[in-house]
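Per-entry structural report
Listed here are the chains, written in short residue letters.
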Amino acid sequence: MGSLNAAGTRHVESTQNVSLSVEGMNCVSCVARVEKAIRTVPGVVSASVNLATERADIRFDETAKPSEIIKAIENLGYEAVEDALELDIEGMSCASCVGRVEKALRAVPGVVEANVNLASERASIRLVRGLASTELLVEAVRGVGYEARQRGSDQDIDREGEKRNQELRRLQWDFVAAALLTLPVFVLEMGSHFVQPIHDLVMSRIGMAESRYLQFALATIVLFGPGLRFFAKGVPALLRAAPDMNSLVAIGTAAAWGYSLVATFAPGLLPAGTANVYYEAAAVIVTLILLGRLLEARAKGRTSEAIKHLMSLQPKTARVRRDGESLEIPVAELRAGDMVMVRPGEKVAVDGVVVDGQSYIDESMITGEPVPVEKTKGSDVVGGTINKTGAFTFRATKVGAETVLAQIIRMVEQAQGAKLPIQTLVDRVTGWFVPAVMAVAVVTFLTWLVFVPNPALTFALVNGVAVLIIACPCAMGLATPTSIMVGTGRAAEMGVLFRKGEALQSLRNAAVIAIDKTGTLTEGRPRLTDLETTPGFERNAVLVLIAAAEARSEHPIAEAIVAAARATGLELAEPEKFEAIPGFGTRAEVAGKDVHIGADRLMARLGLDVSPFASEAARLADEGKSPLYAAIDGRLAAIVAVADPLKETTPQAIRALHDLGLKIAMVTGDNRRTAEAIARRLGIDEVLAEVLPDGKAAAVKRLQAEGRKVAFVGDGINDAPALAAADVGIAIGTGTDVAIESADVVLMSGDLVGVPNAIALSKATIRNIKQNLFWAFAYNVVLIPVAAGALYPGYGVLLSPVFAAGAMALSSVFVVGNALRLKGFRTPERQA
C-alpha cells in the first residue's frame, strides 16, 4: 500500500504521486498535449490530466525533477498554479543563516522562489500548488537548524510581536547579568596590569592563583549562562558543516576560555612564559556582542513601526444597528451590510458607504493628504480613518481581509519582504564568508605560531580569536532588508504603496515618465469651463436651454453641461423634441425655442457667422480646448467650451519631476493640437497624441525602443497593458480601491505629486542600501587583516579580541541606525 508523507503524497515502492493544478486548458487536445509533455520528463511513470477539474495527477520516481515537470507544462503555454505563503523563521542571526534557509527552502520540490528577510525574520515563498506543502517547508527549515511557522492571522502576528518582546527582555536580562559578572573579571585582570593599587591588592590580599580561580568561575558563568545562546546555535551549525556568526563567537570565546583554563589548572602543559589567562577577553566578548544584539533588536523593532502603526489604526470595536437596537461588537464580527454608527472623534471601523449624516474625515493614513475630506450621503469611507466633526451612519461594504487597510498592510508586508536585485552580490559573498573567516583565523594562528618568536602561542591565540570575532556577516545580512523595511514603511505613510519590492530599485533608473492624460494629469471628469454669450442673451438663460437640450445625451460633453446647470441651481425643462445630428451636434426644442449646439460646421450649416467669437476661439484652442457654439431660434447665442481640467497639483508635480532630471511624455487620445497646447502649458517634453486606448502599451514600447527606462503613470483601470509593459507601472489610486494588479506602485491619493515622491524615495532608499553595503564590506575588508596582525610588523599594533567584539557589535548597530534615517525622509517639495 505504501505510506503517506508530510505533503499527503503516497510512496509506492520508490515512486510518489502528486496532483497539480493546471490553468489554460480548454479542450481535449490541450489535455493530450499536457499529458504527453509530462510523460516525456525523465522519471515520470504516468500522467493523467482532467479537463473538468484542471488537475494533472502525476506519478514519478526519485530520478524525476519536479522543476522539469513544471517547465514542460509552461513550455506548452499552460500554467502550473502557484500559491504564495509566508513563514516566520526563528533562530537566524546573520546573512549566512539567510543563505542556508533559502537554500533549504528552494530545495523542496515545487518551490519556485524563496526569499528570506533577516530584518523581519520572515520567508516569502512561491510554490506550485499540489507539489509542495507547508509541512515540507517547515521540515526543510528545521533540517538546517532553525524553526519555522506559517504566518497567519492578526492574532498570530500579535503573538509574534509578543515573542519578539520576550526575546528583547531576555536579551536585556542576559546583557545586564553578563555585564555585572564581567566587570570584576575585567577589573581583576586588566586592573592588575595597568593600575598599580589594584595590582598590589591582588598580590597582597587576594593572591594570583585565587584571582585566576575567581575569574574562571565568573567567566564560566558568563559563557555558559548569558552566552549559552552562542554555543546552543553555533556548535550544531558547526557540526552540520554550516557555520554561522554564532559559530565564530563560540569558537573564539571557547578558545580564549579553554586556553585560560589550561593556564590556570595545568600551566605545565604550556611553553614557558605563555601561561597567561584571557578570561576577561572571553567574558567581555560575550557581553559586548550581547549589547550589540540588544541595540540591534531595539533598532530592528523600529523598522517595522509602519506596519505596527497601520495595524493599530483599526478600532477594536464598532457600534452597529441590528434588529432596531444599537450594539457594540468586536470589529472582527462585522458583516457586509451592517449599519455602523460613527460619532465625532471615532475611527471608521471598516470600508463602507455613508447612508445618513455628514462629517469631515481625516484620510491622511490612506492618502497622505492632511486636509479632512467632506463626507455626505453616498460617499465612500475607509476603515481606519478618523471622523473629525459630525456623526454619521454607514453601510459596511468590505470587512476583514477585503478592506483597504488590510490590502495596504498586505502590500507593505510583501514589499518589505522582497529581495532586490542589489542583494544578489551580498548572497554570493555571504555564502562563503564564514568558512573563509574560519580559514583566515586558522592561517593567522599557524602563521604567528610558526614565524613569530616566543610567546608565539599567546600571539597566535589572541590574533586568531580576534579574526573570528571581528568578522561580521550580521551587518551584511541587515544592510538591504532594514533599508527596504524602513523605506517602504515611510512610503506607505506618504500614500505610496510599493506592490512589488523590486520597483523600489528599478524606479530610480527611470529616465522617462510616460503619463496618461485623462484621470492622471486631469481630473478625469469634463467640466464646463467657458460660456460667453452674444449681445441680447443672458448667460443663465442660455445655459438652462442648452442643458435641457443636452439632458437626453449620454456624451461626456453633454453630461458636463447638464452638471454645470444643476450646480448653478437651474431647473431644466423637458425638451419637446430631440435630434442628434451625426458629425455636427444636436438639435432640440425647449420651452418653445429651437436650440442647436455643435461645432462651427453646424453653425455654417445653419448659415450663421461665428467670427464674433474668433478671438475667444483662438484663446480656447491655445488652452487645448475645443469650442462649441449654441444657436437659439436661428441666432448665434454663445460659445461654449467643455474640458477635463488639470488637477491643481499637476503643474507642481511636473516641476518636481523635471527637478529630478526626468523627461516627461504625455500619452493621450486627444488630437495633436489640443495635446500640444496642454503640453506647452505644463512644460511636458514629448507628446504621443491620438493614441487609442489599446495603443498605450505600444506607445510605451516606442519610448523603450530608444534605450530608455520608462515608468508609465495611469489610472489603473484601462491602462493595465501599458502599466504592465513599462519598466515600472505606477497606478493612480482613489484611496478606496488599491487592488490594481498590473501596477508595481500605487499612489493612494490619486495625486500626481506622489510620482516624484516615490522616485525620490526610491533614490534615497537605494543610496541608503549602498551606504550600508559599503560599510559592511569595507569594515570586514579593512579590519580582518588588522585583526590578523597585518599592522604589527610595521607599527607594532595588534587588535585585542575585546576591541574586535566591540567593533563587530557596532557595525550591525550602525547599519540598522543608518537605515532608520529613512524615517526622516522628506518629499522633494518639502526639501525646497
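Before reading on, note that the structure itself is shown above.
Notes on the structure in this doc start here. Not measured: the values here are computed from a predicted model.

Take the side chain of Ser483 next. One can find Ser483 in helix 16 (residues 473–493). A polar side-chain atom of Ser483 sits 2.6 Å from a polar atom in the side chain of Asn768. Among residues more than four places away in sequence, those in contact with Ser483 are Thr765, Asn768, Ile769, Asn772, Ala819 and Leu822.

For the rest of this paragraph, the subject is the sheet that holds strand 9 (residues 122–128). Read from one edge to the other, the open sheet built from four strands follows the order 8-9-7-10, with strand pairing classed as antiparallel. The open sheet terminates on both sides in strands that have one partner only, identified here as strand 8 (111–117) and strand 10 (147–150). Strand-to-strand twist of the sheet, defined as the mean angle between neighbouring strand axes without regard to direction, takes the value 25°. Bridge count between strand 7 (residues 82–90) and strand 9: seven bridges; the pairing is antiparallel. When the bridges of strand 9 are listed, Leu87 appears paired with Ala123.

Time to look at the sheet that holds strand 26 (residues 627–632). Overall, antiparallel pairing links the six strands, which are arranged 22-27-26-25-24-23 in an open sheet. Looking along the sheet, the strands with just one partner apiece sit at the ends: strand 22 (527–533) and strand 23 (577–581). Sheet twist, expressed as the mean angle between neighbouring strand axes with direction ignored, is 20°. Relative to strand 24 (residues 585–590), strand 23 runs antiparallel, the two sharing five bridges. Opposite Glu579, over in strand 24, you have Arg587 as the bridge partner.

Before going further, it helps to spend a moment on the pairing of strand 26. The element strand 26 is extensively covered by neighbouring structure, given that five of its six residues are classed as buried. Inspection of the sheet shows strand 25 (residues 593–598) paired to strand 26 by four bridges, in the antiparallel sense. Bridge pairing in strand 26 links His596 to Ala631. Pairing between strand 26 and strand 27 (residues 635–643): six bridges, direction antiparallel. Note that in strand 27 the partner of Tyr629 across the bridge is Ile639. Where strand 26 hands over to strand 27, the hairpin turn is made up of two residues, of which Asp633 adopts a positive phi near 50°.

We note that Ala591 has phi near 50°; this positive angle belongs to a residue other than glycine. Under the relative-accessibility criterion, Ala591 is labelled exposed at 56%. Phi at Glu690 takes a positive value of approximately 55°, unusual for a residue other than glycine. In this fold, Glu690 is placed in the loop between strand 29 (686–688) and helix 25 (696–704). Judged by relative accessible area, which is 52%, Glu690 ranks as exposed.

What counts as what
Within each chain, residue numbers correspond to sequence positions counted from 1 in written order. In view of the model being predicted, local features appear only for residues whose pLDDT reaches at least 70, and side-chain atom pairs are presented and counted only at 80 or more, with totals across whole chains, interfaces and linings using the full set of residues. Hydrogen atoms and water are omitted, and side-chain values are computed over all heavy atoms in the structure. Secondary structure follows DSSP: runs of H or I at least 4 residues long count as helices, runs of E at least 2 residues long count as strands, and numbering of each begins at the N terminus. Polar contacts here mean pairs of N or O atoms no more than 3.5 Å apart (in protein, one a potential hydrogen donor and the other a potential acceptor; neighbouring residues in sequence count only if both atoms are side-chain atoms). Contacts were defined at the residue level, with two residues in contact if any of their heavy atoms lie within 4.5 Å. DSSP-based pairing: two strands are paired if at least 2 bridges between them are found. Only C-alpha atoms enter the line fits that serve as axes; for helices the fit covers just the stretch in contact. Angles between N-to-C directions range over 0 to 180 degrees. Accessibility here uses a 1.4 Å probe with only protein chains present; expressed as a share of the type maximum, an area under 20% marks a residue as buried, one over 50% as exposed, and anything in between as partly exposed.

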